[in-house]
Amino acid sequence: MSTRRRFAGKKLVVHNETALELEVTNAATPQPVKTEDNSAYDLAFTVGKARENGGAEVELEVLGVRQDKKIGGKQAVSFDPKSDPKMDRTNPSAAMFRKFIGAKLKLLTAADGKIEKVDGLPNLVSKLTAGTLPAVQLMVRTMVTENSIREWDTLHIALPDKPVKVGDVWETKRDVPYGMMKIPLITTNTFKGWEEREKVKLAKIEFAGGLPSREGAPAAPAAPALPIESAAFTGKALYNPALGLVVDNEATQQFTLNLVLAPGKTNTTKFKVKITGKLAEIVDAAGDG
């Protein structure tokens, strides 16, 4: 049975954090320009009615969001929902983030719990960008995409499609968002053993991978293709077999992108991002716990 359908009428609350580091070098700047972008999301996945394919309809709600972005050491974007709304007039992105809190989308999942489709994105993007500056509109369009929404679901990361035992290895394919584009990655996942937390036995999964082989047709081509020199993806996850969910995970992605603007002019971007996700709680959709 689908892990989603097992939780019909329940709200799964997840806390995700992302720490992004970018370093851009080009002929026009003598020193690399560094960007640090830290964000945190509190999300609720409420499981609704079953689908014929064994999956379910799931409501995704943004419960909270925090953002802190610096470019070249200078503050570029900052938002804390606990800040005084009266100060929003000095922060071009604050009104957008406040509208983001409470936003809802409908997810259609497969029998294994993974997201097949996201409904309502165009309406949400229109709501968030209404009356905002072009820079904020660009931020929204790179932040709220179907690929980025899929990455928010850390409850099903790196899971096998059949039962496994300690030492077994399997592959998974995924598209990692980069702005409005995506980077295809293939990871090799290993069931390393068991770990106990608070008297609960959890399966430990470790994963590592990179770009698909260039020999033959790539399994999941980027659209559009990106001139990536190298890419690496590593991480670990703790899976609770009683729940059928990943309850704790962390992953690190690194790649180098070379973009040729003109003969002799190349932009080189070094990208590193660490993502953590934790299942915070499971409560009744009505909020009774």
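Reference entry: report on the structure contained in this document. (Residues numbered from 1 in each chain as written. Predicted model: local features only at pLDDT ≥ 70, side-chain atom pairs only at ≥ 80, totals over all residues. Heavy atoms only, no water.)

The next point concerns the nonpolar core. By size, the foremost hydrophobic cluster in this structure holds 40 residues, and its most contacted members are Phe45, Phe100 and Val144. The element that contributes the greatest number of residues to this core is strand β3 (residues 56–71), accounting for five residues. Apart from the residues within four sequence positions on either side, Val144 is in contact with Phe100, Leu121, Leu124, Val125 and Leu128. Among the nonpolar cores identified, the runner-up in size contains 14 residues, and Trp170, Val176, Leu185 and Val246 belong to it. (Core = buried A, V, L, I, M, F, W, Y, C linked by side-chain atoms within 4.5 Å. Buried < 20%, exposed > 50% of the residue type's maximum accessible area, 1.4 Å probe, protein only. Helix = DSSP H or I, 4+ residues; strand = E, 2+ residues; numbered from the N terminus. Contact = heavy atoms within 4.5 Å.)

All right, on to the pairing of strand β10 (residues 228–240) then. Relative to β10, strand β9 (residues 200–210) is paired through seven bridges, and the arrangement is antiparallel. Residue pairing across strands places Ala208 opposite Thr234, the latter belonging to β10. Here β10 folds back onto strand β11 (residues 245–262), and the loop between the two strands holds four residues, one of which, Gly244, carries a positive phi near 75°. (Pairing = 2+ DSSP bridges.)

Among all positions of helix α4 (residues 134–143), only Val136, Met139, Val140 and Met143 are buried. The arc that holds the buried residues of α4, viewed along the axis, is 100°, so those residues lie on one side. At its buried positions, α4 is contacted by β2 (33–50), β4 (74–79), α2 (94–100), α3 (121–129) and α5 (146–152). (Arc of directions from axis to C-beta.)

This paragraph deals with the packing of aromatic side chains. All chains considered together, the criterion is met by seven aromatic pairs. Judged by centre distance (5.4 Å) and plane angle (80°), the ring pair of Phe191 and Trp194 falls under edge-to-face. By relative accessible area, which is 6% here, Phe191 ends up buried. Here the aromatic cluster, defined as three or more aromatic residues joined through ring pairs, consists of Tyr41, Phe100 and Trp152. The ring of Trp194 has Lys201 lying over it, and the distance from NZ or CZ to the ring centre is 5.0 Å. (Phe/Tyr/Trp six-rings, centres within 6.5 Å; stacked < 30°, edge-to-face > 60°. Lys NZ or Arg CZ within 6 Å of the ring centre and 35° of its normal.)

So, on to the environment of Thr142. In this fold, Thr142 is placed in helix α4. Distance in space between the C-alpha atoms of Thr142 and Gln254 is 19 Å, their sequence separation being 112 residues.

This part covers the side chain of Thr46. Within the element layout of this structure, Thr46 appears in strand β2. The exposure class assigned to Thr46 is buried, which follows from its relative accessible area of 14%. The contact partners of Thr46, leaving out residues within four places of it in the chain, are Lys10, Lys11, Glu57, Val58, Glu59 and Ala285.

Before going further, it helps to examine the side chain of Gln67. By the element assignment, Gln67 lies in strand β3. Relative accessible area serves as the criterion here: at 8%, Gln67 is assigned to the buried category. Only 2.7 Å separates the side chain of Gln67 from the side chain of Asp37, close enough to count as a polar contact. Residues within four places of Gln67 in sequence aside, it is in contact with Asp37, Asn38, Ser39, Tyr41, Val77, Ser78, Phe79 and Phe97. (Polar contact = N/O pair within 3.5 Å; in protein donor to acceptor, adjacent residues only side chain to side chain.)

Counted by the stated rule, this structure contains twelve salt bridges. Between Glu116 and Arg51 there is a salt bridge, and its shortest N-O distance comes to 3.0 Å. Of this pair, Glu116 sits in strand β6 (residues 115–119) while Arg51 is found in the loop between β2 and β3, placing the two residues 65 residues apart along the sequence. For Arg51, a relative accessible area of 23% corresponds to the partly exposed category. The shortest N-O distance in the salt bridge between Asp168 and Lys165 comes to 3.5 Å. A relative accessible area of 22% means that Asp168 is categorised as partly exposed. For Lys165, a relative accessible area of 56% corresponds to the exposed category. (Salt bridge = Lys/Arg side-chain N within 4 Å of Asp/Glu carboxyl O.)

To continue, consider the pairing of β11. Direction of pairing for β10 relative to β11: antiparallel, over a ladder of twelve bridges. Looking across to β11, one finds that Lys236 is bridged to Glu250. With antiparallel pairing between neighbouring strands as the criterion, β11 and strand β12 (residues 265–284) make up a hairpin whose turn holds two residues, including Gly264 at a positive phi of roughly 80°.

Before going further, it helps to spend a moment on α3. In an α-helix, one full turn covers 3.6 residues, which means residues spaced three or four apart are oriented alike. Where α3 is concerned, the buried positions are Leu121, Leu124, Val125, Leu128 and Thr129. End-on, the buried residues of α3 take up no more than an arc of 120°, which puts them together on one face. Projecting away from the buried face of α3 at angles above 90 degrees are the exposed residues Pro122 and Asn123. At its buried positions, α3 is contacted by α2, β5 (104–109), β6, α4 and α5.

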